[in-house]
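# An overview of the molecular structure
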Amino acid sequence: MTQSSTEKPAEKKLSFKFNAQSYALIIALMMIVLIFGILTGGEFLSSRNLSNLFAQMTVIAVLAIGMTLVIVAGHIDLSVGSLAGLTGGIAAILQVWFGWDTVWVVLAAISAGALLGLWQGWWVAYRAVPAFIVTLGGMLIFRGILIGISNGQTVAPLNEGFKIISNSYLPYSVGYLLALVGVVLLFFSAWRNQHKRQQLGLIIEKPIKIYGTLIVYTILILLLTYMLNRYNGIPVPLLIVIFFGGLFIFISNKTSFGRYIYAIGGNEEAAALSGINIKRNTLSVFVLMGALAGVAGVILTSRLNAASVSAGEMYELDAIAACVIGGTSLMGGRGNIVGAIIGALIMASIDNGMSMMNIETFWQSIVKGLILIVAVWIDISSKKQSSVSS
Amino acid sequence: MTQSSTEKPAEKKLSFKFNAQSYALIIALMMIVLIFGILTGGEFLSSRNLSNLFAQMTVIAVLAIGMTLVIVAGHIDLSVGSLAGLTGGIAAILQVWFGWDTVWVVLAAISAGALLGLWQGWWVAYRAVPAFIVTLGGMLIFRGILIGISNGQTVAPLNEGFKIISNSYLPYSVGYLLALVGVVLLFFSAWRNQHKRQQLGLIIEKPIKIYGTLIVYTILILLLTYMLNRYNGIPVPLLIVIFFGGLFIFISNKTSFGRYIYAIGGNEEAAALSGINIKRNTLSVFVLMGALAGVAGVILTSRLNAASVSAGEMYELDAIAACVIGGTSLMGGRGNIVGAIIGALIMASIDNGMSMMNIETFWQSIVKGLILIVAVWIDISSKKQSSVSS
Amino acid sequence: AACGQDASNGNDNDDASSDNDITIGLSVADLTLERWQHDRDIFVDKAEELGAEVLVQSADGEDEKQLSQIQNMLSQGIDVLVIIANNSDALSPVVNQAKEENIPVVAYDRLINNAEIDAYVSFDNERVGEMQAEYLVEQVPAGKYFLLGGAPTDNNAQMFRDGQMNILAPLIENGDIEVVGDQWVEGWSAETAMSIVENALTANENDIDVIVATNDSTAGGAVQALAAQNLAGEVAISGQDADLAAVQRIAEGKQSMTVYKPIQDIAAKNAEVAVQLANGEDTEAEDTVNNGTVDVPFIKLEPIKVSQDNLVDTVIADGFHSFEDVYENVPEDERPEKPE
Amino acid sequence: MGAYALQMEGITKEFPGMKALDHVTLSVEKGEIHALCGENGAGKSTLMKILSGVYPAGSFDGRIMIEGREVSFRNIKASQEAGIAIIYQELALVPEMTIGENIFLSSDLMREKVLNWNRIYAETKRWLDYIGLDIDPQRKLGDLTVGKQQLIEIVKALTKHAEILILDEPTAALTESEVEVLAAILKDLQAKGVTCIYISHKLGEVMRLADSVTILRDGQTVDTFNVDEITEDTIVTKMVGRPLTDYFPYEEHEIGEEILRVQNYSFYHKSTDEKIADNVSFKLRKGEILGVSGLMGAGRSELFISLFGGYPGKSYGSVTIDGQSANIQKPSDAIKAGLAYVSEDRKRYGLVLGMEITKNATLAALRNVMPKGLIDASLELKSSEEMTNKLNVKTHSLEAKVDQLSGGNQQKVVLSKWLFTNPKVLILDEPTRGIDVGAKSEIYKIINELSQQGVGIVMISSELPEILGMSDRILVMADGTISGELSREEATQESVMKLATTRRDNHDPVIN
Ligand SMILES: Nc1ncnc2c1ncn2[C@@H]1O[C@H](COP(=O)(O)OP(=O)(O)OP(=O)(O)O)[C@@H](O)[C@H]1O
Ligand SMILES: Nc1ncnc2c1ncn2[C@@H]1O[C@H](COP(=O)(O)OP(=O)(O)OP(=O)(O)O)[C@@H](O)[C@H]1O
Ligand SMILES: O[C@@H]1[C@@H](O)[C@H](O)OC[C@H]1O
Ligand SMILES: [Mg+2]
Ligand SMILES: [Mg+2]
């Protein structure tokens, strides 16, 4: 009807999903890596240590993936550590005491997590009890149940089949193959996307920018694969993180459920007025979080080859911190899964690096606390402020 | 054009500060007290146990008072447990290792708390790092410092003068005197307030309602004093809670600082444009919280007559829970100190009651978690919902 | 060809330090408990005396953290691994990894199950629990007992309880002992212990003869609760670890006993064994213990009951605490004679 | 025409403690544009929320019939499925999400198993073109001005291809030219047979756009007319319950000496360092009402927020207040110097919604109720009562939270807050946005009174009649500069618009 935008040049800056903020995060990560690399005389960057590092970040990363959704939806979950402990305990009990098969055990643990998540989600969504309280209660309840059903004992050891979940590596060739497939898929989907946008008459970015970024990623992927293959190969737990990371990135970007979560967290009233079912979607978030806590529990138990009553204690704080480091706002509505995973990696790097340096424990606490604050500060000051000054 | 408020009849419902919500809370408390009273065959309500109960709630109550301000201002403080541990440790070290006098020791502990609060507040207010991260960092840092300076040892015992802070009682007569003074002050201030409102031509509530409520309070105060005096007298820690509770109620109602905190938490941008200095006031909140953590640390060390490196662990969650139970909104802008103290009392009652009943520990966890959720749910459903349906 | 080239260098693990030096990795469960600080200090001194270098890490009581830290130590190329396990059952994967890399592993104080380890140097945790109960039963053969367990999430707490019950169970059965309460203390917290005992005293109208406290920090809280009722010294109460505050209480008569696990011995012995293993020497042990995978040579050290009577001959004689420290709060004229 | 697209009968809705609607009847013919008029708080929005399922069946009494068939909506989705789309008065948008996401949030495109973003953004672009907005569909909504957001909200409703489209004050934040765009769209829709319900306080618009009008007062239906049977004055009389003659009661008043002088003032965007206002100079005298006009995005709000010390970017230039040079770094400096700023966005910048009326009213001048250094609650209540009485705030209690007030009354609370600081210069940014005619004329009266007391007044407004009717002098801004100044006598609709559309040389057009 009136004049349209096609007059504008097509070269417009289309803010790429991987925006400035994520870059700041990656830079923070690089700095931490570099510093530890230097301070440990390169040990930190050895292929073996990188392999350890990824295995060490797994549990927190899986929890942080789900936590991102929870926080984006405007809630919080303090029970995930306990829940991972409990589901891991259930897994161990079913296998060690009752002799269940690994596959069934894993399914049972994840279902238990989802079910308890459902229970918590019901209180939050349909009874309007603040998530902080529901999940603080959950933290106590789940830990209590775990102590109760295990009689306070550590349940171990598990079957070989269960153990390998966190304690094995991909054969080198399979690793390279996967990396290649990943790279090809990246290029293909970028190409297809551009093609489609062209057809629909949408603005397209300069190919050099798109393919430039892709090439950087490709190099990173191949380098990492090479490094990990120099040791024992790609650790299976890392694959698990990549799998769930990918799945949840897909859910949050490509499904209505994912978008609804962001809308609910961004402006609950607007979401309700748009006809979004707040309660059901909120419930689903907690179910998913519970299921992921089940996954984390399985990984944890497999890693230790045992389930102990204190497993997972305080992991909730690490998971939340990973999300916040990754740019998720505790006010809801804003957050991304890649950031959360990088956040988990930063947390794990701090622990790993300092332990490689054999610093006294109390200094480790102090330094970790300081790095946490400074890392988030760097990230924040790289973003533009938007509120009025005071 | 339209009618203004003075035309309205003078019988207007001026929502009394102690509104429906607080009543629901008190009812929840009463129910918990009653149930435990019955289940323990009255033991729970014995004067001796009441005395214990108040001593047991003190540390969390003091922390919850400060936490209310922090949360109202729109932040959170996860470091208070660590900080109470650290300041308590500093106190013990100064006295046991360096022979300082009790008065100086107490001042030093509180100042240390305020100083560390200042440090955290600076990051939050002037560097815009989310309080969650700053205080999570603080939690690690303070615990690290405590382990470092105490070499991991339990520092004990303290001087007699220090011990009595949490381990003594008011003489009966002084107790009754104080109770009477309190009652008289209550009546006097109510009368003066009504008088003033009358002079200013403002609406006054029916005397029967005002004095009725006052009489109920009077009975409660006297009853409590009597009960406590039947045992050893009013415990000094309870007096400390009453003192700081009163002080902070005063601060939050009568000073501009208090008012500004609520405005900042309610709408930071509007507050900033109204000329409120957001940064300075936020900083002050954390300084006060730190000082209160110092007080809590002193009480904790005095109660145990020792400072251990793990003192105060997880108290932050209890303190926050007390606030939320007491009606403080984690979104900021809404909360009250009386509620937080009642919240702390509810938490302490649950622990106390179940340990009186000698329930198995893991059941205690489970039941405590459930009660927490249900108590807050009762409280919430007693308030009318105001958001759109979905 | 490049593949896997770093994976196979587990053998030549002397790259962390200069030539012939031995590097010991010491993984401590939790340095926030006082006793482990002593363990660490003595161990490190002794090891250095024997010419070894020690890397120390503490897991803050978290199983997974300990596992990660041990992985990190392994990748630094240590020669021998000494582990104070936070959880006996939760370390097998990483210990097996060490084994694959031919690094000997010593279990310090706590056995490690389901994995191949080379030596176990310890006090017997169940024995500790038995000693606590034995002493208390000696003092009060019949009466009302309150059981104050350790952290419900600490595996050792279970083992201490098992030991206590070995002694107490028959007496409970025949009615000599009445258990008036059984509570466990989250995180071994003194404050929680204090509240629990306050409530127990209230519920039982102070009619409690014995408190079976499982370690010294919980005993400390319990004694505070007793003191408020002027019952400190009236009620028999156990402990463990010989923390300074606890032996001071024993000196003052407020706590009945503690179990002293001579840390000097265990730490020194562990250091010796570690150095021996690193040098490829054999260790001699009279006992073995089966951990589910192998029979582990077990160097067993006796814990010691410490009460007012033998303070001077045990903790003080060992130099674990000084005479002045222990009797600090006891008037000069009531102190025993100071050994020179 | 003739058949009813919608009939609502005997609608009664109660909120705790008040009856918002009392047996309201509304009949809308198929294909017409039906206006709904009434004072603030008359119940217009509530009635529409009932129609759109925000208040589900059962939470009110009465019957709703669409095309003669009785319907009952369990929720919002049900009403959407029945062909009803609504543009809410409060923007129902998510600032953190992109424009495209916001527009299609509740559409079928969002219900697909796997979302097709390219398609969504292509569609978005088509819609943006349709209404003449040239913005990247992937831009974050929160970056847009309120006016643009309002247009997005309109698009959001349009995409639903509804048979009944409800617009609840769609033009409150729009400038004249955008209102034109909207008018064209409505005519276009009408041609396609869509029925519209149109709520507005701008009666000129109503007369121009609507076919018929229903008037509500105090929750009751007063009457329904064809617009050609009725004049603007009658609507007002029916709405307010009495005749209201002079909308813009301009009164001659004495203009005193200079009170505010701004010279060569420039300031920059907080993050991009882009110059927002360039070399602005003007002065204001005691008792003078200075109108500030301009197109949306001309930089009026930003300029005055910056002068008030509330804008985080760098600024240069000199400001003199009452003869003294003022160094204003933050709002408290401004308040001390005697400035007051009533924001155009009262919910975001004006009020603490969860706080009581009294406390909001005293927030900017708390010292006034702290005679002994402590807040005197009785004095506070007394003072705010005086203030709100003077402005005729309609409430059941001063200790009620402001979020319970209707928009007009909320605006008056913001005014009270700033009057309580006893300002020398009062800056009013869109002071009558979303306010009914009655309340408007009250606010004009207050403005006049203040100017008579010698307060210098700056009135930023996008409503030309208001600017022309009230100002002694008019500044026109375009593109971050002052493009001209007109005296009361010189100013006409045309002269103002001409200045408003001049562009700064060598400068990119100010985007969005
Ligand atoms: N959720 C609610 N709770 C209590 N009262 C409400 C609520 N929503 C509206 N009201 C009251 O109902 C009455 C009608 O409000 P409504 O929003 O429908 O008015 P309106 O005609 O749309 O006014 P405006 O022109 O200011 O938008 C008002 O008095 C208002 O205070
Ligand atoms: N939140 C924001 N972020 C970035 N730029 C903004 C923001 N708000 C406004 N701007 C920019 O500032 C400039 C001036 O906007 P401003 O709101 O002052 O205009 P105005 O004349 O008051 O118009 P309106 O009628 O919309 O209030 C515009 O170019 C706009 O793009
Ligand atoms: O020595 C004790 C240790 O074995 C146990 O694990 O934790 C508590 C300590 O007191
Ligand atoms: Mg309305
Ligand atoms: Mg504006």
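Bear in mind that the values here come from a model prediction, so they are computed numbers and not experimental data. For every chain, the first residue of the written sequence is number 1, and numbering continues from 1 onward in sequence order. Lettering of chains starts at A and numbering of ligands starts at 1, both following the order in which they are written. For a predicted model such as this one, the threshold for reporting local features is a pLDDT of at least 70, and the threshold for listing and counting side-chain atom pairs is 80 or more; totals across whole chains, interfaces and linings nevertheless cover every residue. In computing side-chain properties, one takes all heavy atoms of the structure into account and sets aside hydrogens as well as water.

## As for the arrangement of the chains
Most contacts, when the five pairs of chains in contact are compared, are made between chains A and B. Residues count as neighbours in contact if any of their non-hydrogen atoms are within 4.5 Å of one another. No part of chain C reaches chain D; the closest C-alpha pair between them is 37 Å apart.

## Things to note about a negative patch on the surface
Two distance rules govern patches: like charges are joined within 9 Å, and nonpolar side chains (Val, Leu, Ile, Met, Phe, Trp, Tyr) within 5 Å, applied only to residues with over 30% relative accessible area and no salt bridge. Using a 1.4 Å probe, accessible areas were evaluated by the Shrake-Rupley method; residue-level cover was limited to the displayed protein chains. Any Lys or Arg side-chain nitrogen found within 4 Å of a carboxyl oxygen on Asp or Glu counts as a salt bridge. By the counting rule applied here, Lys and Arg register as positive and Asp and Glu as negative, while His and the ends of each chain are not counted. Every charge is mapped to an atom, namely NZ of Lys, CZ of Arg, CG of Asp or CD of Glu. The grouping of C:Asp21, C:Asp45, C:Glu48 and C:Glu53 at the surface amounts to a negative patch. In this description a helix means any DSSP run of H or I spanning at least four residues, a strand means any run of E spanning at least two, and both kinds are numbered starting from the N terminus. Within the secondary structure, C:Glu53 sits in strand E2 (residues 52-58).

## Remarks on the environment of D:Ala210
Secondary-structure assignment places D:Ala210 in the loop between helix H7 (203-209) and strand E9 (212-217). Each C-alpha atom, one on D:Ala210 and one on D:Lys412, is 29 Å from the other, the two residues being 202 residues apart in sequence.

## Examining the domain arrangement of chain D
The domain boundaries here were taken from an automatic or database domain assignment. Annotation of chain D at the domain level lists domain 1 (4-242), domain 2 (248-338 + 423-504) and domain 3 (348-422). Here the C-alpha centroids of domain 1 of chain D and domain 3 of chain D sit 32 Å apart.

## Focus on the side chain of D:Thr12
Residue and element names in this part refer to chain D. Along the chain, the position of Thr12 falls in strand E1 (residues 4-15). The exposure class of Thr12 is buried, given its relative accessible area of 9%. Only 3.0 Å separates the side chain of Thr12 from the backbone nitrogen of His23, close enough to count as a polar contact. Buried, partly exposed and exposed residues are distinguished by accessible area as a fraction of the type maximum, computed with a 1.4 Å probe on protein chains only: under 20%, between the cut-offs, and over 50%, respectively. N or O atoms closer than or at 3.5 Å make up a polar contact, with two conditions inside protein: a donor-capable atom paired with an acceptor-capable one, and, for residues adjacent in sequence, both atoms drawn from side chains.

## Brief notes about the coordination of the magnesium ion (ligand 5)
Surrounding the magnesium ion (ligand 5) are the protein donor atoms D:Ser301 (OG), D:Glu344 (OE) and D:Glu344 (OE), at 1.9 to 2.8 Å. You can see D:Ser301 sitting in helix H9 (residues 300-307) and its partner D:Glu344 sitting in the loop between strand E16 (339-342) and helix H11 (346-350), a full 43 residues away along the chain. Any N, O or S atom lying within 2.8 Å of the metal counts as a donor, and for Na, K and Ca the limit rises to 3.2 Å; water is left out, so some sites can look incomplete.

## Some details on the relation of the copies chain A and chain B
For the least-squares superposition of copies, only C-alpha atoms count, and only for residues with pLDDT at least 70 in both. Overlaying chain A with chain B gives an RMSD of 0.2 Å, the required rotation being 180° about an axis along which the chain moves by 0.1 Å. Both copies are brought into coincidence by an operation consistent with a two-fold rotation axis. Measuring from the rotation axis to each C-alpha of chain A, the shortest distance belongs to A:Met331, at 3.9 Å.

## Regarding the packing of aromatic side chains
Stacked, edge-to-face and tilted are the three classes for Phe, Tyr and Trp ring pairs, Trp counted by its six-membered ring, which pair at centre distances within 6.5 Å; planes under 30 degrees apart are stacked, over 60 edge-to-face, the rest tilted. The full count for this structure, using the stated rule, is 32 aromatic pairs over all chains. Each ring, one from A:Trp123 and one from B:Trp377, has its centre 5.7 Å from the other, and the planes form 75°; the classification is edge-to-face. Linking A:Trp123 in helix H4 (residues 102-126) with B:Trp377 in helix H15 (residues 361-382), this pair reaches from one chain into another. The buried category is assigned to A:Trp123, whose relative accessible area is 9%. The interplanar angle of 75° and the centroid separation of 5.0 Å between the aromatic rings of B:Trp122 and B:Trp123 together place this pair among those described as edge-to-face. According to the relative accessible area criterion, B:Trp122 is partly exposed, its value standing at 34%. Put simply, the rings of A:Trp119, A:Trp122, A:Trp123 and B:Trp377 pair up and form one aromatic cluster.

## Re the site of ligand 3
Residues and elements named next belong to chain C. Taken together, Leu33, Arg35, Arg110, Asp154, Asn156, Phe160, Trp188, Asn215, Gln240, Asp241 and Lys261 form the complete shell of residues around ligand 3. Between ligand 3 and Asn215, the relevant distance is 2.9 Å, taken from an oxygen atom to a side-chain nitrogen or oxygen of the residue. Separating an oxygen atom of ligand 3 from a side-chain N or O atom of Asp241 is a distance of 2.4 Å. Contact with the protein chains removes 99% of the 270 Å² of surface that ligand 3 exposes when unbound. If even one non-hydrogen atom of a residue comes within 4 Å of a molecule or strand, that residue is called near it.

## Let's talk about the coordination of the magnesium ion (ligand 4)
For a metal with four donors in a tetrahedral arrangement, the ideal angle between donors is 109.5 degrees, while six donors in an octahedron ideally sit at 90 or 180 degrees. Residues and elements named next belong to chain D. Around the magnesium ion (ligand 4), the protein contributes the donor atoms Ser45 (OG) and Gln89 (OE1), at 1.9 to 2.0 Å from the metal centre. With Ser45 in helix H1 (residues 44-51) and Gln89 in the loop between strand E6 (84-87) and helix H3 (99-104), this residue pair connects regions lying 44 residues apart in the sequence. The buried category is assigned to Ser45, whose relative accessible area is 18%.

## Side note on the packing of helix H10 (residues 256-266) of chain B against helix H12 (residues 278-304) of chain B
How two helices pack is summed up by the angle between their axes together with the distance between the axes. Residue and element names in this part refer to chain B. The axes used here are C-alpha line fits, helices contributing only the stretch in contact, and every angle between their N-to-C directions lies in the interval 0 to 180 degrees. Where H10 contacts H12, the axes come no closer than 10 Å and their chain directions differ by 110°. As the angle between them shows, H10 and H12 are arranged roughly perpendicular. Each of Phe257, Tyr260, Ile261 and Ile264 in H10 lies in contact with H12, whose residues at this interface are Ile278, Asn281, Ser284, Val285 and Leu288. Residues of the contact of H10 with H12, tallied by class, amount to seven nonpolar, two polar and no charged. Put simply, angles under 35 degrees are roughly parallel, angles over 145 are roughly antiparallel, angles from 65 to 115 are roughly perpendicular, and the rest are oblique. As a working rule, the residues Ala, Val, Leu, Ile, Met, Phe, Trp, Tyr, Cys and Pro are called nonpolar, Asp, Glu, Lys and Arg charged, and the rest polar, with Gly in that last group.

## Quick word on empty space enclosed by the protein
Only protein atoms enter the 1 Å grid used here. Points where a 1.4 Å probe fits but cannot escape make up a cavity, open sets with protein on both sides within 12 Å along at least five of seven lines make up a pocket, and a residue lines them when an atom lies within 4 Å of a point. Grid points are joined across faces, edges and corners, and a volume is the space filled by probe spheres set on the points. Taken as a whole and assessed by the stated rule, the structure comprises 15 cavities of 30 Å³ or more. Taken as a whole, the second largest cavity encloses approximately 250 Å³ of empty space. If you go around the second largest cavity, you meet 23 residues; those closest to its centre are B:Ala156, B:Leu304, B:Asn305, B:Ala306 and C:Arg249. Put simply, the parts of the chain that give the lining of the second largest cavity at least two residues each are helix H7 (216-228) and helix H8 (244-252) of chain C. For the lining of the second largest cavity, the element with the most residues is H7(C), which contributes seven residues. Looking at the lining of the second largest cavity residue by residue, the class counts come to nine nonpolar, nine polar and five charged.

## With respect to the sheet that holds strand E3 (residues 33-37) of chain D
Residue and element names in this part refer to chain D. Strand pairing requires that DSSP identify at least two bridges connecting the strands. With mixed pairing, the six strands of this open sheet are ordered in space as E6-E7-E8-E3-E9-E10. Two strands close off the open sheet at either side, each with one partner strand: E6 and strand E10 (220-226). Here the average twist between neighbouring strands, direction ignored, is 15°. The sheet contact formed by E9 and E10 spans six bridges and is antiparallel. The residue bridging Arg217 from the neighbouring strand is Gln220, located in E10. In this fold helix H5 (residues 146-158) packs onto E6 and strand E7 (164-168), with an angle of close to 180° to the strand it touches most, E6.

## Digging into the interface of chain A and chain B
Across the contact, 48 residues belong to chain A and 47 residues belong to chain B. The junction of chain A with chain B conceals about 4,200 Å² of combined surface from both sides, 85% of it contributed by carbon and sulfur atoms. At the surface where chain A touches chain B, the tally comes to zero salt bridges. Elements that contribute at least two residues to the side of chain A that touches chain B include exactly H4, helix H5 (131-150), helix H11 (268-273), helix H12 (278-304), helix H13 (315-325) and helix H15 (361-382) of chain A. Looking at the side of chain A that touches chain B, its residues break down into 35 nonpolar, nine polar and four charged. What gets called buried area is simply the loss in accessible area from a 1.4 Å probe that two parts show on being joined, summed for both.

## As for the environment of A:Glu313
Assignment of secondary structure puts A:Glu313 in the loop between H12 and H13. A:Glu313 gets classed as partly exposed once you look at its relative accessible area, which sits at 31%. Those residues in contact with A:Glu313, other than ones at most four positions away along the chain, are A:Arg143 and C:Thr153.

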